[in-house]
Amino acid sequence: SNQLSSSLMVKDASQVLLSACLSCDGCLSEEDSLKISKQSLEEVERILELNQRCDVSKHKVLVASVCPQSLPFFAVKFGVDVTEAAHKLSGFLKTLGVKFVFDTTLAAGFSILESQKEFIQRYRRRNQDAHALPMFTSSCPGWIRYAERVLGSLVTPHICTARSPQQIMGCLVKDYFSKQQKLSPEKVYHVVIAPCFDKKVEAVREEFYNSLLETRDVDCVLTSGEIYYLMEQRKVSVEELDSVPLDQVLGEAGDEALVRHDGRGSEGFLEHIFKHAAKELFGLDIHEITYRTLRNRDFQEVTLERDGETLLQFAAVYGFRNIQTLVHRMRKGRVPYHLVEVLSCPGGCLSGRGQAESESGGRVDKALVQQMEEAYSSLPVRLPEVNPALHILYQDWLQGHDSSRAGKLLHTKYRDESQIHTQPPHMQW
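Residues numbered from 1 in each chain as written. Predicted model: local features only at pLDDT ≥ 70, side-chain atom pairs only at ≥ 80, totals over all residues. Heavy atoms only, no water.

**Q** How do you make sense of the overall build of the protein when you look at a structure like this?
**A** From N to C terminus, the protein includes 15 helices and 11 strands. The C-alpha atoms of the protein give 21 Å as radius of gyration, which agrees with the globular expectation for 429 residues (22 Å, within 12%). In terms of principal-axis extent, the alpha carbons of the protein reach across some 65 × 55 × 45 Å. Sorting the 429 residues of the protein into buried and exposed places 57% on the buried side. Across the protein, the fraction of contacts at a sequence separation of at least 24, relative to all contacts at a separation of at least 6, is 73%. (Helix = DSSP H or I, 4+ residues; strand = E, 2+ residues; numbered from the N terminus. Rg over C-alpha atoms; globule rule 2.2 N^0.38 Å. Buried < 20%, exposed > 50% of the residue type's maximum accessible area, 1.4 Å probe, protein only. Contact = heavy atoms within 4.5 Å.)

Dropping the structure here:
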């Protein structure tokens, strides 16, 4: 099943195959495909219907967590600002029967703080450990799947072990929030709304499944486009929707204003880690980050210099063509970077195929993406370090910043599966 259709067998196979890697699905087992097919609107509607029909003891409490990169899509579609779009979306989800609606910024805060900490540790052991640097970010499931299935040990030891915001949100909902609500985790049905189809693949990874309770941290991922389609199907008018503030994992609904993290429309791992490392390792306060465009807008460098000496060199590498360039350099041992933020979508998460495709399908709607970028950048930035909720949760939920519990719930492992999924000869990179 790993053979791609013959229409892709062109002279420069590597390029097409690389960009087709994620749409091929050849490396998904039948079991995986079955699990992913359950992540659909039909499945969510089935759960909602069951709640109306069956007795209370069998009810599931529906929780929806919305990625910050999905909110600008709804803002543009509804013709309102991002905060109002979040409230309208929350209003819509609650009319369906969803009990709690969160945004995942809090979970992203954990992911950023853990990634910062891991980068410092890797930097400090770089001379003893050949795999310490470069560190690759780990929140993009398309990149992770490609790294594990195709690249294997060339890159897997370099991938940051911090869980992605989505999966930390899964833990927060199923481990912390369900206890606060006095619910057993399997009584909670957790839906994540994301800009990207690959997040469905991430949700079914084995390590995010509790076999004892038969419950997944994230039960279902729906894309922004799927939710919007549901609204259209139900002929919902935005004007008539109630504006309902988002719920908070800690505190009362509506307490918090919507904020975003640094960065250009993704979760800003590069910028946060860069500023943190500059301060922690070299005592330098960095306020503005200057990107230097190399090959194109999706391959950019950020450098920290002092007295003519390069102290840190980071890169943002988005889209498979640029990832391919990075991999070639890695094979030759010519990657000068300490950290690379890798995302498989050109343009980053706002351009995820679950929300940025044009009506006719296939192509990214550039005008829509530009409007989403403007909407996203209008949100105020807040550093996770100054978010009091994170510090409270580190103590109350995780028993401290460096506890074994924090290590277990906020981190994961990556596997080298490149030998198991042997590539046909034309797919050797």
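**Q** Hey, could you run me through the environment of Leu41 in this one?
**A** Mapped onto the fold, Leu41 is located in helix 3 (residues 41-53). Given the relative accessible area of 8%, Leu41 is considered buried. Measuring from C-alpha to C-alpha, the distance between Leu41 and Pro185 comes to 21 Å, with 144 residues separating the pair along the chain. Once you skip the residues sitting within four places of it in the chain, Leu41 turns out to touch Leu222, Glu226, Tyr229 and Leu230.

**Q** Is there a simple way to think about the layout of surface pockets in this case?
**A** A water-sized probe, rolled over the atoms, reveals where empty space remains. Space inside the second largest pocket adds up to approximately 570 Å³. Around the second largest pocket, the lining is made up of 24 residues, and of these Lys38, Glu43, Tyr189, Arg216 and Asp219 lie nearest the centre. Listing elements by their share of the lining of the second largest pocket, those giving two or more residues are helix 2 (30-37), helix 3, strand 4 (188-194) and strand 6 (215-216). No other element matches the five residues that helix 3 contributes to the lining of the second largest pocket. Residue composition of the lining of the second largest pocket, by class: nine nonpolar, three polar and 12 charged. (1 Å grid on protein atoms, 1.4 Å probe; cavity = no way out; pocket = protein on both sides within 12 Å on 5 of 7 lines; lining within 4 Å. Points joined across faces, edges and corners; volume = space filled by probe spheres on them. Nonpolar A, V, L, I, M, F, W, Y, C, P; charged D, E, K, R; others polar.)

**Q** Mind showing me how you'd approach the UniProt feature "domain: Iron hydrogenase small subunit" (unreviewed entry) in the protein here?
**A** Under the present numbering, the feature "domain: Iron hydrogenase small subunit" (unreviewed entry) in UniProt falls on residues 362-418. In this annotation, residues 362-418 is assigned 49% helix and 0% strand; the end-to-end C-alpha distance for the span is 29 Å. (UniProt positions renumbered as here; feature names shortened; annotations may be inferred.)

**Q** Would you take a moment to explain the packing of helix 6 (residues 105-124) against helix 11 (residues 269-282) for this structure?
**A** Axes are the key here: two packed helices are described by the angle between their axes and the distance separating the axes. For the pair helix 6 and helix 11, the least separation of the axes is 9 Å and the interaxial angle reads 50 degrees. Judged by the inter-axis angle, helix 6 sits oblique to helix 11. Where helix 6 crosses over helix 11, the handedness of that crossing is right-handed. Of the residues in helix 11, those touching helix 6 at Ser111, Ile112, Ser115, Gln116, Phe119, Ile120, Tyr123 and Arg124 are Phe269, His272, Ile273, His276, Ala277, Glu280, Leu281 and Phe282. By residue class, the composition of the contact of helix 6 with helix 11 is nine nonpolar, five polar and two charged. (Axes fitted to C-alpha atoms, helices over the stretch in contact; angles between N-to-C directions. Parallel < 35°, antiparallel > 145°, perpendicular 65-115°, else oblique. Left-handed = near helix turned anticlockwise from the far one by under 90°.)

**Q** Any chance you could explain the sheet that holds strand 11 (residues 339-343) here in plain terms?
**A** The pairing of strands in a sheet comes from backbone hydrogen bonds and takes either a parallel or an antiparallel form. Strand order in the open sheet made by the five strands is 3-11-10-9-8, with mixed pairing throughout. Every interior strand has two partners, whereas the edge strands, strand 3 (135-136) and strand 8 (292-296), have only one. Strand direction decides the pairing type here: strand 3 and strand 11, joined by two bridges, are parallel. Pairing of Phe136 across the sheet is with Val340, part of strand 11. Seen against the sheet, helix 11 touches strand 3, strand 9 (299-306), strand 10 (309-318) and strand 11 and runs at an angle of roughly 165 degrees to strand 10. (Pairing = 2+ DSSP bridges.)

**Q** Mind showing me how you'd approach the environment of Cys196 here?
**A** Position of Cys196 among the secondary structure elements: in the loop between strand 4 and helix 9 (198-203). The spatial distance from the C-alpha of Cys196 to the C-alpha of Leu250 is 27 Å, given a sequence separation of 54 residues. Residues contacting Cys196, with those up to four places away along its chain left out, are Val221, Thr223 and Gly354.

**Q** Please explain the pairing of strand 11 as it appears in this structure.
**A** Remark: a regular strand shows side chains that alternate across the two faces of the sheet. Here strand 11 lies mainly inside the structure; five of its five residues are buried. Burial of the side chains of strand 11 extends over both faces: Leu339, Glu341 and Leu343 are buried on one face and Val340 and Val342 on the other. In this fold, the crossover linking strand 10 to strand 11 by way of helix 12 (residues 320-331) has right-handed handedness. (Right-handed = clockwise from strand over helix to strand, strands pointing away.)

**Q** It is not clear to me how the pattern of salt bridges should be interpreted in this structure. Could you clarify?
**A** Where charged atoms of side chains with opposite charge meet at close range, the side chains can pair. This structure, assessed with the given rule, holds 27 salt bridges. Close ionic contact of Arg46 with Glu43 constitutes a salt bridge, the shortest N to O distance being 2.9 Å. Pair noted here: Arg46 and Glu43 are both in helix 3, with a separation of three residues, about one helical turn. Across the salt bridge formed by Glu202 and Lys199, the nearest N and O atoms sit 2.9 Å from each other. Of this pair, Glu202 and Lys199 both sit in helix 9, separated by three residues, roughly a single helical turn. Here Glu202 and Lys199 have matching classes, each one buried. A network of salt bridges, in which partner residues are shared, links Glu148, Arg149, Arg205, Glu207, Arg415 and Glu417. (Salt bridge = Lys/Arg side-chain N within 4 Å of Asp/Glu carboxyl O.)

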